[in-house]
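Coordinate analysis (summary)
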Amino acid sequence: MFKKIAVSSLSVAMLAGVLAGCGGSGEGKENSSSGTSGSNEGKVKIRILTRLASEQPNAVAFQDKVKEFQELNPNIVIEDLSVEDGDTFNTKFKTSVASGNLPEIFANYGGAAFAEYAKSGVAMDLTEVLEGDKQWSEPFLDVFDNWRFQDVPGTYAVPYEFFAIGVFYNKDLFSQANIQVPTTIGEFEEAMQKLKDAGIVPMALGEKDSWRGGHLYSVLANKLMGDQVADDILNRKIKYDDQRFIDVLELMKSWQKKGFFGDNIVSLDTTAEKNMFHTEKTAMHMDGSWYIGEAIKSPIGDKIGFFPFPYSEDKPEYKDVWMGGAGMAFSISGTLEGEKKEAAIKFLKFVTSEDAFKYYQEVQQGGVFPVKMEVDPTKVDPLSVSYSEAIKNATFRSELYAYDPLPQMFDTVRNNIQGMFAGMAPDKAAKSMQDQVDKLLK
Amino acid sequence: MRLARFRLSGPVLYLISILWALVTLYPLVFTVMSSFKTTDEIYSAPFKLPSLYSFSNYAKALFDAGMLRAIGNSFGISIVSTLSVILLGSLASFVLARLGLKFGNAILLYFLLGIMIPIHTTLIPLMKMVSSVNGHNHYLTLILIYTAFHLPFAIFLISSHMRGISKELDESATLDGCGPIRLFASILFPLTMPAIATAFILTFLYVYNDLVIAVIFISDKSMFTIPLTMLTFVARSLTEYGPIFASIVVSIIPMVIVFLAFQERVVSGLAAGAVKE
Amino acid sequence: MISNRSKYTTAALFLLPAFVVYTVLLIYPVLQSVYMSFYEWNGIASSNLVFAGLRNYETMFDMPEFWTALKNVLKFVLIGFALQMPLSFFLGYLISLKMKGIRFFKTAFFMPVVLPMTAVGLMWTFILFPNGGLFNTLLTEIGLGGLVRSWLGDTTVVTYTLPMINMWVYAGLNMIIFSAGIVGIPEQLYQAAAIDGATGWRKLRYITIPLLKDTFKIYAVTCLTGSLRVFDIIFVMTSGGPNGASDVPATMLYYQGFKYMNFGLANSIGTFILVAGLTLSILTNRYLSSDK
């Protein structure tokens, strides 16, 4: 009897041993890695969660700066939790917020969905920090809108990226179809028809990723309805089934019917869409300034030109309303105090200083950033130069439905647009968006 | 001799096997072909042979991204987790299937509950728990969580097979002076080998491919598993599919070895048939 | 017989480790989420939980999307029983034969489940492209052009496409579950049947299938619970689209919780999956166990 107990407890102990042995190796690793930079005692640990973790130049440039900061500040230990993939980042971020284990610095995109974080003190109000260091905050463009909210005073993030949506085009295909760069929507439609007649897909759209149609919707609404439409959405002064919104959807649907977007719309993803552009199967590609780097490196890099999204002949006053603004931004966790807070602020300033942005531009050989910077045309690619030129007078608005105080509407609008491209009538899609609002407000 | 079981045999079975094998092997062919291509080539000619057999994707995966180390990490974590699932699971199954406990069925049902759990509901409570013990970046954390997650299915599978073995066996073993430990270790465990090997394969597979748990609890690059390492090829601007497919080609080799090794054990458990009720 | 005292000591020692690990790391978190399903919570640790009673459940049952999601699960279940079960059983039977090259076939059949879902998903997307995709091209070639569909882009068709691909992935996995059952059947039974003059199909009908009742039970439970909480394949291939047409409870749970921060609602969906899974499993067990 006793023997039996002894043997069975032994087997349990063995298992525990196996498990513990394993844990030990993990612990050992941690010790040894921190061992290289000396003991952890007396050091401040700052965890950062960004979406800069790939091998692409923009992420590499950021990692370089992190390393530099680490070397300059041996008393601060940076632990990088970054994940670039959107859904994975989202899961990790939301889990951190919900369990009260938020990294000291975290990336986000602001907008109405972020207001809750500002209110609950998840993110720190950076107003004083920005005010207190003019040398650092002065160069920033005025793109803080996404992190300022009506019912909570303060600014809750510092922009790290800047984007503007325009149209990239293949110069060869344009001259082949004998068309000029369009400036108005009328000319744009003519150009697309000519391309179509020449057997070229005018502007493929990878609508399997529903943000593609969402961006087109936002851009067109900006050009047709003006910049106040964002505020109207925020204050619920306009409904999604407003005739003007239906007109925007009708226009998109008519372009789909004419074959301007190609055939596979709802099955085609963004990568496939870009691939069509790179293999000269489509003549235009609507995208943000983040695409510049990839455009240059693509096989047709020297053939790619850029033009602002055409404006409406009837509404020339909205010519300069762009979809754009700050992209990813960094916030500091609202619960920090003392040393940690100081260290986090120091880090934030370091990676968003004018010098840092210059470095990012140098590594990426171009790109546009949320700070006023001298653009040296000899060092920067022509696409970035024409971008910087085009956006000089622009007013920027984010994706429209990001202004909606109901965070669900972000996906609802995108999904219904996808549904429209998959066969739903435009007015039905618009109504279904508004129904969702009504239901959620009930 | 086994062939003679059904008349549907020989050529017909071969034909069906070959047809289905074509359908299931195709993704492997696709993966290998894609592992030599650039992303643009994958998208513009997904079904054509690569235009150029260059190993740059492999170099990127193995050396730049550290896939070899990731395979080591994944393999280690998966083996230890799987072994603990099998050990704990078969011990528990033995109790539930053979000892005729009063509450045996209730406990079995309790374990069965674990099969229905959608993983996302557990993330936040788990994160709280792991943070409270500072368990981030520890293999032990992953191993314990994987063990807990995959125990239910293993118990379900193993216990239902154990129940099928004749009860007379226990009685005669006991009469021969066999204690419960020997009864378990030298009689029932081997007899349940087909189910145990199956549970082994499935648990290993799930743990080896897990992303959600690993991504939340591991941030130390030296501890990255295969799916985490593959994520470094996913950028917001573009996803580099070439190196991803190269990583897949390299990383499935250990999995296939485990599958073959343990699938042999499934079949070699034939003797079990002799005592089935 | 084993003495009672010894029996309980053994039971305790053998059962305890599994019980503890499982309870602490899986049941405890799940109980927390069940608890939270009765509260409204915005997913911010410092925010208060607001007691909501059954409101989250009411919201859930009021959502047309939820019913769509359940219908989609039903399609997974139907295809799982009508097509995937016979296929998996047949494959399990195939690989338990002593055929030449069986190791090759086994590995081949298992391959779809070894490959990560992302790779498999991407491949199927290419194959199923409406225009120029391999599948539709093939259909047109063999004169079935009328069957050409937008397999992932049509809001109705996609809800059948996904369970079919799911079957293709998991047939190999269920194959080994069946093969583990098949090898457990005593050879003597077949020999005896052969002497009585039983032929192939009769052996299958009167020996193999009845003796595999436990295995079919395992399959039934796996299929039901697997369909109820299916997530990966949908997330990878359509993210629930187009326009939510292919959503299932688990993707809704993810979106409600991790995107819209409605953790109360998300947890009630999670609890629903749990309760439905448990109920169906118990019913299956009752229904399939006529003995004892």
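Residues numbered from 1 in each chain as written. Chains lettered and ligands numbered in written order. Predicted model: local features only at pLDDT ≥ 70, side-chain atom pairs only at ≥ 80, totals over all residues. Heavy atoms only, no water.

A few points about the overall build of chain A
Applicable threshold: Numbering of helices and strands runs from the N terminus, with a helix taken as a DSSP run of H or I at least four residues long and a strand as a DSSP run of E at least two residues long. Relative accessibility thresholds used throughout: buried, under 20% of the residue-type maximum; exposed, over 50%; partly exposed, between the two (1.4 Å probe, protein chains only). Any two residues whose heavy atoms approach within 4.5 Å at even a single point are treated as in contact. Lys and Arg are tallied as positive, Asp and Glu as negative. Neither His nor the chain termini are counted. For the purpose of locating charges, the reference atoms are NZ of Lys, CZ of Arg, CG of Asp and CD of Glu.
A tally of regular secondary structure across chain A gives 18 helices and eleven strands. Each principal axis of the C-alpha distribution contributes one length, and for chain A these read about 85 × 60 × 45 Å. The buried share of chain A, taken over its 442 residues, is 59%. In chain A, the share of contacts with a sequence separation of at least 24, taken over all contacts with a separation of at least 6, comes to 77%. Averaged over its 47 positive side-chain charges, chain A has a centre that lies 5 Å from the centre of its 64 negative ones.

So, the interface of chain C and chain A
To keep things clear, this is the line we draw: Two parts lose some accessible area (1.4 Å probe) when they are put together, and adding that loss for both gives the buried area. Just to be clear on terms, a salt bridge is a Lys or Arg side-chain nitrogen sitting within 4 Å of an Asp or Glu carboxyl oxygen.
Contacts between the two partners involve 31 residues from chain C and, on the opposite side, 35 residues from chain A. Across the interface of chain C and chain A, roughly 2,800 Å² is buried in total on both sides, 57% from carbon and sulfur atoms. In this assembly, chain C and chain A are joined by two salt bridges. Its salt-bridge partner being Glu65(C), residue Lys439(A) comes within 3.7 Å of it at the nearest N-O pair. When contributions to the side of chain C that touches chain A are tallied by element, the ones reaching two or more residues are α1 (4-36), α3 (64-96), α11 (232-237) and α12 (249-259) of chain C.

Structural notes on the side chain of Glu79(A)
The condition is simple: Pairs of N or O atoms are called polar contacts if they sit within 3.5 Å, as long as, within protein, a hydrogen donor faces a hydrogen acceptor (for residues adjacent in sequence, only side-chain-to-side-chain pairs).
With respect to the secondary-structure elements, Glu79(A) resides in strand β2 (residues 76-80). Note on Glu79(A): relative accessible area 17%, which makes it buried. In this structure the side chain of Glu79(A) is engaged in a polar contact, spanning 3.4 Å, whose partner is the side chain of Asn137(B). If we skip the residues at most four places from it in the chain, Glu79(A) touches Lys45(A), Ile46(A), Arg47(A), Ile48(A), Asn137(B) and Ser219(B).

Comments concerning the nonpolar core
We count it as follows: To define a nonpolar core, start from buried Ala, Val, Leu, Ile, Met, Phe, Trp, Tyr and Cys residues and group those joined through side-chain atoms within 4.5 Å. Note that domain bounds follow an automatic or database assignment of domains.
Judged by nonpolar contacts, the single largest core of 289 residues is most densely connected at Phe62(A), Phe330(A), Phe109(C) and Phe110(C). Considering every element that reaches this core, the biggest residue donor is helix α7 (residues 139-163) of chain B, with 15 residues. In this structure, this core is formed jointly by two domains, domain 1 (44-161 + 327-373) and domain 2 (164-324 + 390-441) of chain A, each of which donates at least three residues. Excluding its chain neighbours within four sequence positions, the residues that come into contact with Phe62(A) are Ile48(A), Thr50(A), Leu52(A), Tyr160(A), Phe330(A), Phe347(A), Val351(A) and Tyr360(A). Counting 57 residues, the second-largest nonpolar core is a separate cluster that includes Phe163(A), Ile200(A), Phe261(A) and Leu406(A).

Section: the sheet that holds strand β1 (residues 44-49) of chain A
Residue and element names in this part refer to chain A. Using the following cut-off: For two strands to be treated as a pair, DSSP must find no fewer than two bridges joining them.
Sheet architecture is open: five strands sit in the order β2-β1-β3-β10-β4, paired in mixed fashion. Pairing within the sheet leaves two strands with one partner each, and these edge strands are β2 and β4 (158-159). The sheet contact formed by β1 and β2 spans five bridges and is parallel. By the bridge assignment, Lys 45 is partnered in β2 with Val 77.

Observations regarding the packing of helix α3 (residues 86-98) of chain A against α12(C)
The packing of two helices is summarised by the inter-axis angle and the distance between the axes. Defined as follows: Here, axes are lines fitted to C-alpha atoms. For helices the fit covers the stretch in contact, and angles between N-to-C directions go from 0 to 180 degrees. Roughly parallel here means an angle under 35 degrees, roughly antiparallel means over 145, roughly perpendicular means 65 to 115, and every remaining angle is called oblique. Residue type decides the class: Asp, Glu, Lys and Arg count as charged, Ala, Val, Leu, Ile, Met, Phe, Trp, Tyr, Cys and Pro as nonpolar, and the leftover types, Gly among them, as polar.
One can describe the packing of α3(A) onto α12(C) by two numbers: an axis separation of 10 Å at closest approach and a directional angle of 55°. In terms of their interaxial angle, α3(A) and α12(C) are classed as oblique. Of α12(C), the residues touching α3(A) (which contributes Asp87(A), Asn90(A), Thr91(A), Lys94(A) and Thr95(A)) are Tyr254(C), Phe258(C) and Lys259(C). Here the residues of the contact of α3(A) with α12(C) sort into two nonpolar, three polar and three charged.

Some thoughts on helix α8 (residues 168-175) of chain B
Residues and elements named next belong to chain B. Condition: As used here, the arc belongs to the directions running from the helix axis to the C-beta atoms.
Buried within α8 we find Asp 170, Ala 173 and Thr 174. Down the axis of α8, the buried side of the element spans an arc of 100°, and every buried residue falls inside it. Away from its buried face by more than 90 degrees, α8 exposes Glu 168 and Leu 175. On its buried face, α8 is in contact with α4 (67-98) and α9 (180-191). After α8 finishes, the residue Gly 177 shows a positive phi value of roughly 90°.

Some points on the interface of chain B and chain C
Tallying the contact residues gives 101 residues for chain B and 101 residues for chain C. Of the roughly 9,600 Å² buried between chain B and chain C, counting both surfaces, carbon and sulfur atoms make up 77%. If you look at where chain B meets chain C, you find two salt bridges. A salt bridge links Lys106(C) to Glu264(B), with the nearest nitrogen and oxygen atoms 3.5 Å apart. On the surface where chain B and chain C come into contact, there are ten residue pairs in polar contact (both at pLDDT 80 or more).

Here we look at the environment of Pro130(C)
Tracing the backbone shows Pro130(C) in the loop between α5 (117-127) and α6 (134-141). We classify Pro130(C) as buried; its relative accessible area is 14%. Each C-alpha atom, one on Pro130(C) and one on Arg149(C), is 6.3 Å from the other, the two residues being 19 residues apart in sequence. Apart from residues lying up to four places away in sequence, Pro130(C) is in contact with Asn264(A), Ser267(A), Asn136(C), Val148(C), Arg149(C) and Ser150(C).

Describing the packing of aromatic side chains
Let me state the cut-off plainly: A pair of aromatic rings is counted whenever rings of Phe, Tyr or Trp (Trp by its six-membered ring) have centres within 6.5 Å, and the orientation is called stacked for planes under 30 degrees apart, edge-to-face for over 60 and tilted otherwise. Here, a charge over a ring is recorded when the distance from Lys NZ or Arg CZ to the ring centre is within 6 Å and its angle to the ring normal is within 35 degrees.
Throughout the structure, instances matching the rule amount to 88 aromatic pairs over all chains. When the centroid spacing of 5.1 Å and the interplanar angle of 65° are considered together, the rings of Phe36(B) and Tyr53(B) count as edge-to-face. Of this pair, Phe36(B) sits in the loop between α1 (11-34) and α2 (39-44) while Tyr53(B) sits in the loop between α2 and α3 (56-64), placing them 17 residues apart in sequence. Centroid distance Tyr39(C) to Phe51(C): 5.3 Å. Interplanar angle 75°. Geometry classified as edge-to-face. Of this pair, Tyr39(C) sits in strand β1 (residues 39-40) while Phe51(C) sits in strand β2 (residues 50-51), and the two are twelve residues apart along the sequence. According to the relative accessible area criterion, Tyr39(C) is buried, its value standing at 15%. An aromatic cluster of at least three residues, connected via ring pairs, comprises Phe62(A), Trp136(A), Phe140(A), Phe144(A), Tyr160(A), Phe330(A), Phe357(A), Tyr360(A) and Phe369(A). Stacked on the ring of Tyr359(A), the Lys or Arg Lys65(A) has its end atom at 5.4 Å from the ring centre. One cation-aromatic arrangement involves Arg205(C) over Tyr206(C); the distance from NZ or CZ to the ring centre is 5.1 Å.

Some words on the UniProt feature "transmembrane region" (unreviewed entry) in chain C
All names here are of chain C. Our working definition: UniProt positions are given in the numbering used here, feature names are shortened, and annotations may be inferred rather than shown by experiment.
The residues that UniProt annotates with the feature "transmembrane region" (unreviewed entry) are residues 12-31, 73-95, 107-129, 167-185, 218-240 and 260-283. Secondary structure within residues 107-129 divides into 83% helix and 0% strand; the distance between the first and last C-alpha atoms comes to 28 Å. Structurally, residues 260-283 comprises 88% helix and 0% strand, and the distance from its first C-alpha atom to its last is 35 Å.

Here we look at the UniProt feature "domain: ABC transmembrane type-1" (unreviewed entry) in chain C
The positions UniProt marks with the feature "domain: ABC transmembrane type-1" (unreviewed entry) are residues 70-284 of chain C. The span residues 70-284 of chain C is 74% helix and 0% strand, and its two end C-alpha atoms sit 19 Å from each other.

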